[in-house]
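Listed below are the residues making up each chain.
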Amino acid sequence: MKRIRKGGRSATRLITSLAIVLGLGLSTAACTSDGGGTDGGSGSGEPQSGGDVTVLLDAGFAGGWATGLDPATSNTTGANLPQNSAIFGGLFTLEADADGSNARIEPNQAESYEWSEDGLTLTVTLRDGITFTDGTDMNAEAVVWNWIRLLNSGSTGAPRLQLDTTGEAPDLSDEFMDSLWAALPEDVDEATVMGHLAAIQATGDLTVQMKLLAVDGSLVNGFPASALNLIASPSAYAEAGGEEFSLMPVGAGPFIITSNSMSDRLELERNPDYFKDGLPYLDAINFQAVGGDQVAYQTLLAGQGDIIEGLSAVTLIQEAEGNPDVAVYPGVPTSPYVVQLNTRVPPFDDIKAREAIYYATDFSAINEGLFKGDGEMSQSFTASGGLFWNPEVEGYREYDLDKAKALVDEMGGLTVTLGTTDIVTARSVNTALQTQWKEAGIDVEITAQPLGDVINDFLGGQWQAMLQTAGAWDPSVGIGVGVRFGSTSPFSGAPLPAEEGGTTELDDLLAAAVSTIDPDERKMYYDEIAKFISDEAYAPFGMAFTPAQVVRQGVHGPGLDEPIPALAVNEGVLYDRVWVESD
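Computed from a predicted structure; not experimentally measured.

Conventions adopted
- Residues numbered from 1 in each chain as written.
- Predicted model: local features only at pLDDT ≥ 70, side-chain atom pairs only at ≥ 80, totals over all residues.
- Heavy atoms only, no water.
- Helix = DSSP H or I, 4+ residues; strand = E, 2+ residues; numbered from the N terminus.
- Rg over C-alpha atoms; globule rule 2.2 N^0.38 Å.
- Buried < 20%, exposed > 50% of the residue type's maximum accessible area, 1.4 Å probe, protein only.
- Areas by Shrake-Rupley, 256 points an atom, 1.4 Å probe, with all protein chains shown as cover.
- Lys, Arg positive; Asp, Glu negative; His and termini not counted.
- Charge placed at Lys NZ, Arg CZ, Asp CG, Glu CD.
- Pairing = 2+ DSSP bridges.
- Axes fitted to C-alpha atoms, helices over the stretch in contact; angles between N-to-C directions.
- Contact = heavy atoms within 4.5 Å.
- Patch = residues over 30% accessible without salt bridge, like charges linked within 9 Å, V, L, I, M, F, W, Y side chains within 5 Å.
- Salt bridge = Lys/Arg side-chain N within 4 Å of Asp/Glu carboxyl O.
- Arc of directions from axis to C-beta.
- Polar contact = N/O pair within 3.5 Å; in protein donor to acceptor, adjacent residues only side chain to side chain.
- Parallel < 35°, antiparallel > 145°, perpendicular 65-115°, else oblique.
- Left-handed = near helix turned anticlockwise from the far one by under 90°.
- Phe/Tyr/Trp six-rings, centres within 6.5 Å; stacked < 30°, edge-to-face > 60°.
- Lys NZ or Arg CZ within 6 Å of the ring centre and 35° of its normal.
- pLDDT = per-residue confidence, 0-100.

K.L.:
Residue-level account of the overall build of the chain, with values.
P.N.:
What the chain contains, in helices and strands, is 17 helices and 22 strands. Whereas a compact globule of 583 residues would reach a radius of gyration of roughly 25 Å, the chain reaches 23 Å, a difference of no more than 12%. Within the span of the chain, comprising 583 residues, buried residues form 62% of the whole. By element, 45% of the accessible surface of the chain is carried by carbon and sulfur atoms, the whole surface being about 20,400 Å². Between the mean site of the 29 positive side-chain charges and the mean site of the 84 negative ones, the chain shows a separation of 9 Å.

Structure (structure tokens):
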């Protein structure tokens, strides 16, 4: 058995993350893309059809789908990218060269997209002939139905779009409107829905237009991490009803659900009518939730699993690298750890308290102690695998225990509750932070909760400090900088604007960063954002790790042995092209 290790960096999985809120950015004029995903396989040798795999997912993150898999109502869409990739496929995919470089968005179920000259209208054209697995057509009307539901169903994963709702909604058939109203919450605001229908329209059987109030340069980059990318069958929803549909949604992806035990096990079989000839390679795929890295690794070694998406424990990764029965594939780092400080409540409404945390935090020591120095240190919300990386921020406050102690003394003491998601790596980092901060005289209570409870803490607004990850391939999408620091994000602790409905200086910079598709201009704004966050001491950043994909020998596919930068936390595996070597 061989040992495989690419990229030169051992990886640990990022700790945690919330449901992905699409931090949509901007794009500008006249950008057209055409094409489709690569139909070829990956890894050594020619791809082979047949076989099945079981994917092991951490129950504290991707292995939890307690709010179901209906894209419009799930609160964990971003965490459930593996399941979504298998069920829905997606309008667009993030692809990369075999070594993980040259990452780019490519149309998948979409055939192409095009921006208007003023950059305010996005036109998406679907591929002809795609059908949902219930046999109905995946057309422009279905896309409109899905997007309107997504925007009006109350999911925390709903994108934040600046839609131009000032026009008139078109005349739509009674059948369509009846189907839409029946799929929306009873208390939905009808005027808001009609405004959305004015902004999102089917302009042909296969073309959909989205009208925006402002240029959004990262909009398309964000699709693969967003529920906007996931198109479900309206007919299947009408037949099943909301509750059943959230358990057994119907898409047009490479696989069809045959069994779903919520947040436990999901079983799927090959879609025989998948729109890509010869794909998927696998006959079946199963997703199994497991209780942490150790259980996942032992389950893999016991032959009860084939793929671990995002192994985080360094000791296990190192053990796996020495095990000839498995292959370890580090990914491309995009998202650093960050300690978010809630400036809206004490003690972190005082910049001195925030500065004390910066000076008391030694992420380099944690990187050496817990991650064997493999993490890539960052002072901002991106890492080297992402767009607009900024490795050093001018004026960034680094570890200085004496300064931390002096600030704590000046404040007469500092007591902090530091939370995170209940994942072993996150707990380990928090314990290390607790030790470091105590050395500075800071009393620290640490908590670790399931993802849903962490989300509730954010929504409640009374949290003090949260260890999270930030950033994605594009910093304005996924768990991007806007999600962590925009004043209107439910997952932000940055200050609110002085007046209700207003914006902060940081909000304005975030908006400017997506107001153009000029990469140099976008980089300039993201550098300004990184410095602003640093100057105001909103959140110290730390190590950026890539999750390790650990597979049994003979399993291949994009996002496994061919790395793809993480859209959010873990790499996105393109399951229609995963294949296994036959014995």
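Now that the structure is up, let's keep going.
K.L.:
With reference to specific residues and values, describe the sheet that holds strand 11 (residues 284–290).
P.N.:
With mixed pairing, the seven strands of this open sheet are ordered in space as 9-10-11-2-12-20-13. Two strands close off the open sheet at either side, each with one partner strand: strand 9 (255–261) and strand 13 (326–330). Sheet twist, expressed as the mean angle between neighbouring strand axes with direction ignored, is 20°. Pairing analysis gives five bridges linking strand 13 to strand 20 (residues 548–552), with the strands arranged antiparallel.

K.L.:
If you had to explain the sheet that holds strand 18 (residues 465–469) to someone new, which residues and values would you point to?
P.N.:
Strands sit in the order 15-19-14-18-16-17 across an open sheet of six strands; the sheet is mixed. Bordering the open sheet on either side are strand 15 (376–377) and strand 17 (442–446), each of which pairs with just one other strand. Taken together, the two bridges between strand 15 and strand 19 (residues 541–544) define a ladder with antiparallel strand orientation. Counted as the bridge partner of Glu376 is Ala544 from strand 19. The strands that helix 13 (residues 424–439) touches are strand 14 (336–341), strand 16 (414–419), strand 17 and strand 18; relative to strand 17, the one it contacts most, it runs at about 165°.

K.L.:
Run through a negative patch on the surface, naming residues and quoting values.
P.N.:
A surface patch of negative charge is lined by Glu111, Asp128, Asp137, Glu141, Asp174, Glu175, Asp178 and Asp205. Considering each element in turn, the negative patch owes the most residues, three residues, to helix 3 (residues 174–183).

K.L.:
So what about helix 12 (residues 401–411)? Which residues, and what values?
P.N.:
Here helix 12 has its buried residues at Leu401, Ala404, Leu407 and Val408. For helix 12, the angular spread of the buried residues around the axis is 130°, confining them to a single face. Residues of helix 12 that are exposed and point more than 90 degrees away from the buried face comprise Asp402, Asp409 and Glu410. Those residues of helix 12 hidden inside the fold are in contact with helix 10 (351–360), strand 16, helix 13 and strand 17. Within two residues after helix 12, Gly412 carries a phi angle of roughly 75°, on the positive side.

K.L.:
Kindly report on the pattern of salt bridges, identifying the contributing residues and their values.
P.N.:
Working definition: two side chains of opposite charge can pair if their charged atoms are close together. For the coordinates displayed, the defined rule picks out 14 salt bridges. Between Asp535 and Lys531 there is a salt bridge, with its nearest N and O atoms 2.9 Å apart. Placement of both Asp535 and Lys531 in helix 17 (residues 519–535) is noted, with a separation of four residues, approximately one turn of the helix. A salt bridge links Asp576 to Arg577; its shortest N-O distance comes to 3.5 Å. The same class applies to Asp576 as to Arg577, namely buried.

K.L.:
So what's going on with the pairing of strand 6 (residues 121–126)? Residues and values would help.
P.N.:
By the criterion of burial, strand 6 is predominantly enclosed, with six of the six residues buried. Hairpin geometry of strand 5 (residues 110–115) and strand 6 is characterised by an intervening segment of five residues between the two adjacent antiparallel strands and by a positive phi of about 70° at Gly119. Where strand 6 meets strand 8 (residues 207–211), five bridges bridge the pair, whose relative direction is antiparallel. Bridging from a neighbouring strand, Thr123 pairs with Gln209 of strand 8.

K.L.:
Go over the side chain of Thr76, please, and point to the residues and values.
P.N.:
For Thr76, the position within the fold is in the loop between strand 2 (52–58) and helix 1 (81–87). Separated by 2.6 Å, the side chains of Thr76 and Asn80 make a polar contact.

K.L.:
Give me the lowdown on the packing of helix 2 (residues 140–152) against helix 3, citing residues and values where you can.
P.N.:
In the contact formed by helix 2 and helix 3, the axes pass within 10 Å of each other and the chain directions differ by 30°. With respect to their mutual orientation, helix 2 and helix 3 come out roughly parallel. Regarding helix 2 and helix 3, the two cross each other, and that crossing is right-handed. Within the contact between the two elements, helix 2 uses Glu141, Val144, Trp145, Ile148 and Arg149 and helix 3 uses Phe176, Ser179, Leu180 and Ala183.

K.L.:
Go over the side chain of His556, please, and point to the residues and values.
P.N.:
Turning to its location among the elements, His556 is positioned in strand 21 (residues 555–556). For His556, a relative accessible area of 3% translates into the label buried. Within the structure, His556 has its side chain in polar contact with the side chain of Asp561 (distance 2.7 Å). Side chain to side chain, His556 and Glu581 meet in a polar contact 2.7 Å long.

K.L.:
Give a detailed account of the packing of aromatic side chains, specifying residues and quantitative values.
P.N.:
For the structure shown, the criterion picks out 15 aromatic pairs. In textbook terms, an aromatic cluster arises when at least three aromatic residues are bridged by ring pairs, as seen for Phe92, Tyr113, Trp147 and Phe223. Here the basic side chain of Arg149 rests over the ring of Tyr237, its NZ or CZ set 4.4 Å away from the ring centre. Seen from the ring of Tyr358, Arg397 lies directly overhead, with NZ or CZ sitting 5.9 Å from the centre.

K.L.:
Got a sec to walk through the pairing of strand 5? Specific residues and values, please.
P.N.:
Judged from the five bridges that link them, strand 5 and strand 6 form a sheet pairing that is antiparallel. Bridge pairing in strand 6 places Trp115 opposite Leu122.

K.L.:
Give me the confidence of the model for the chain: which residues, what numbers.
P.N.:
When pLDDT is averaged across the chain, the result is 89; 92% of the residues are at 70 or more. The model gives residues 1–43 a pLDDT under 50, and that stretch makes 225 contacts with residues more than four places away or in other chains.

K.L.:
Please provide a residue-by-residue account of the environment of Ala198, values included.
P.N.:
Relative to the helices and strands, Ala198 resides in helix 4 (residues 190–199). Residues Ala198 and Asp535 lie 337 residues apart in sequence; the distance between their C-alpha atoms is 42 Å. Sequence-distant contacts of Ala198, defined by excluding residues within four places in its chain, comprise Asp164, Thr165, Gly167, Glu168, Ala169 and Lys211.

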